[in-house]
Amino acid sequence: MKNSIIFKISGSFILLFLVVLFPTGIVIYQGFSGFYYNEVRQNINKLSEQYAHSINNTNDKEFISMFESLSRLTRTDIFITDSKGNIIASTGVEGLEEGKKISTKNNNLLSRGQTINKEYEEPISKAHHLMAGKPIKNNHTFKGSVFVLSSIEEIHESIKKVRLLLTLVGIGAFFLMLGFTYFLSRKLAAPLLQMEKATKEIAKGNLGVPVEYSSNDEVGQLGKAINLLKVELKQYRDSRQDFLASISHELRTPITYIEGYSKALKNKLYKDDNEKVLYLDTINRASLQLKGLINDLFDLSKMDIDQFQLTKQQIDIIELAESILVKVKLRAGDKDIGIEFIKNTEEAYLYADALRIEQILLNLLENAIRYTDHGSVILEINKSKKFIGIRVKDTGKGIPEKELPFIFDRFYRVERSRSRQHGGSGLGLSIVKKLVELHDGTIEVKSDPGKGSEFIVSIPINQKVH
Ligand code: ADP
């Protein structure tokens, strides 16, 4: 249901209201009626007590002549019985006139000194009274009893009015609360509904319109989070587009070489065997570049979805570095560069993925050789208590300061032509950075244009606990 949150909030409020209102109404009603009944009951009990006492001490006949006026004065009815329960005097309540008799059971109770408290209903008019009867005793001898009756018709009327009033107040409060909760829940739900709309738009790919929110509460925070999500999605979409454009571009270059030179070979468009070998060499280099690019892309895609598994083991980085230097020296070929290895320890163990550490070292060393024409490349391994430091320093052209912040971005190249010429994909450093981070390490670069560059990697030793 579209507005179900409104109904949920209103429903909860109504339920809460009813749970509170009903018992409160019943308690007020019972407290109110109980109070009135008690008042009357206490009053007639007191009067009957006093009358019984007076009759005991005074001449009965005297009292009887008095009680009619007492009855008028106290707005009660009175009747007196003898010891057998016969009514000998009465102010004339219907059914309890002179000559009638009270029940033997009640008379017995009175004769034992007990009090009668009950409600009495007139047989014809059905008028209601509360009745209190007390025994008249003279020197412990039961002489009869005196009853005082008070009409409760008025109380009934007042209670009826109170009941009506309570019902009206309850209904009024209910509708007031209904309106209020509907208004409140609409106000609460409105931004949520707006956000629902906005997220549907995001799902459709429409990232233009931001969610508007005015409060700083949970709903406002949600709006803020959705807007942040939008910005991130937009950045992601833009960078993905750039990324795809770069990939197509990177793939197109070697493929164009392969296509062109293979066609030339097929059509025998070469002068001599030397040129043929040159063409084949170009095709070979282009396919190696493609292979490198595809491998790098594969690695990156796995890293992006966090599916890149490291196979960690105890490795000696000095030993690893020495074997890599052999390969690198071969690759350096006829370049006029010296390769130096500085180590401040004979062995440096590290709990890491050997293949990936090799990839890091190889990449940094190959870059150093690739972008250096004269001088030397230095690989330095340092060991501290908790970290292994790897420093690759060259005397190459260096990297301009304004390019440094982008050096680890995908497909970023300072020297496009030179990088391509050597089969660089422009992904090397971004992969190195990811691999270092996967080992919980850091990488930084310093460069002095014209003098050389320096890459400093620091990886925690992470000694495996046995
Ligand atoms: P590539 O495959 O192009 O070498 P990288 O990601 O490894 O890609 O490097 C990105 C860019 O950083 C290179 O194109 C190059 O311009 C620059 N670069 C990397 N290492 C060095 C270095 N040692 N000296 C100078 N420039 C470097």
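Parameters at a glance
Residues numbered from 1 in each chain as written. Predicted model: local features only at pLDDT ≥ 70, side-chain atom pairs only at ≥ 80, totals over all residues. Heavy atoms only, no water. Helix = DSSP H or I, 4+ residues; strand = E, 2+ residues; numbered from the N terminus. Rg over C-alpha atoms; globule rule 2.2 N^0.38 Å. Buried < 20%, exposed > 50% of the residue type's maximum accessible area, 1.4 Å probe, protein only. Contact = heavy atoms within 4.5 Å. Pairing = 2+ DSSP bridges. Expected span 1.5 Å × (residues − 1). Arc of directions from axis to C-beta. Polar contact = N/O pair within 3.5 Å; in protein donor to acceptor, adjacent residues only side chain to side chain. Lys, Arg positive; Asp, Glu negative; His and termini not counted. Salt bridge = Lys/Arg side-chain N within 4 Å of Asp/Glu carboxyl O.

Undergrad: Could you give an account of the overall build of the protein chain, with specific residues and numbers?
TA: Summing up its helical and strand segments, the protein chain has 10 helices and 12 strands in all. The C-alpha atoms of the protein chain give 52 Å as radius of gyration, which overshoots the globular expectation for 466 residues (23 Å, by more than 25%). For the protein chain, the spread of C-alpha atoms along the principal axes amounts to about 160 × 55 × 35 Å. Burial status across the protein chain gives 37% buried among its 466 residues. Of the contacts formed within the protein chain by residues at least 6 apart in sequence, a portion of 63% connects residues at least 24 apart.

Undergrad: Can you break down the pairing of strand 2 (residues 87–90) residue by residue, with the values?
TA: Where strand 1 (residues 77–82) meets strand 2, 3 bridges bridge the pair, whose relative direction is antiparallel. Directly across from T81, in strand 2, lies its bridge partner I87.

Undergrad: Pulling in residues and values, what's your account of helix 7 (residues 317–332)?
TA: Its 16 residues give helix 7 an end-to-end C-alpha distance of 21 Å, which sits within 8% of 22 Å, the value for a rise of 1.5 Å per residue. Looking at helix 7, one finds that the buried residues are I317, I318, L320, A321, I324, L325, V328 and A332. In an axial view of helix 7, the angular spread of the buried residues amounts to 140°, which keeps them on one side of the axis. Exposed positions of helix 7 whose direction lies more than 90 degrees from the buried face are E319, V326 and L330. As for helix 7, its buried residues are in contact with strand 6 (312–316), strand 7 (337–343), strand 8 (349–353), helix 8 (354–370), strand 9 (375–383) and strand 10 (387–394). Capping the start of helix 7, D316 holds a side-chain oxygen 3.1 Å from the backbone nitrogen of I318, two or three residues further along.

Undergrad: Go over the side chain of D394 with me, naming the residues and quoting the values.
TA: Locating D394 in the fold gives a position in strand 10. Summary of buried charges: D394 has no salt-bridge partner, and the nearest side chain of opposite charge, K393, is 7.6 Å away. Among the polar contacts made by the side chain of D394, one reaches the main-chain amide nitrogen of G396 at a distance of 2.9 Å. When sequence neighbours within four positions are dropped, the list of residues in contact with D394 reads A368, T372, S376, V377, K451, G452 and S453.

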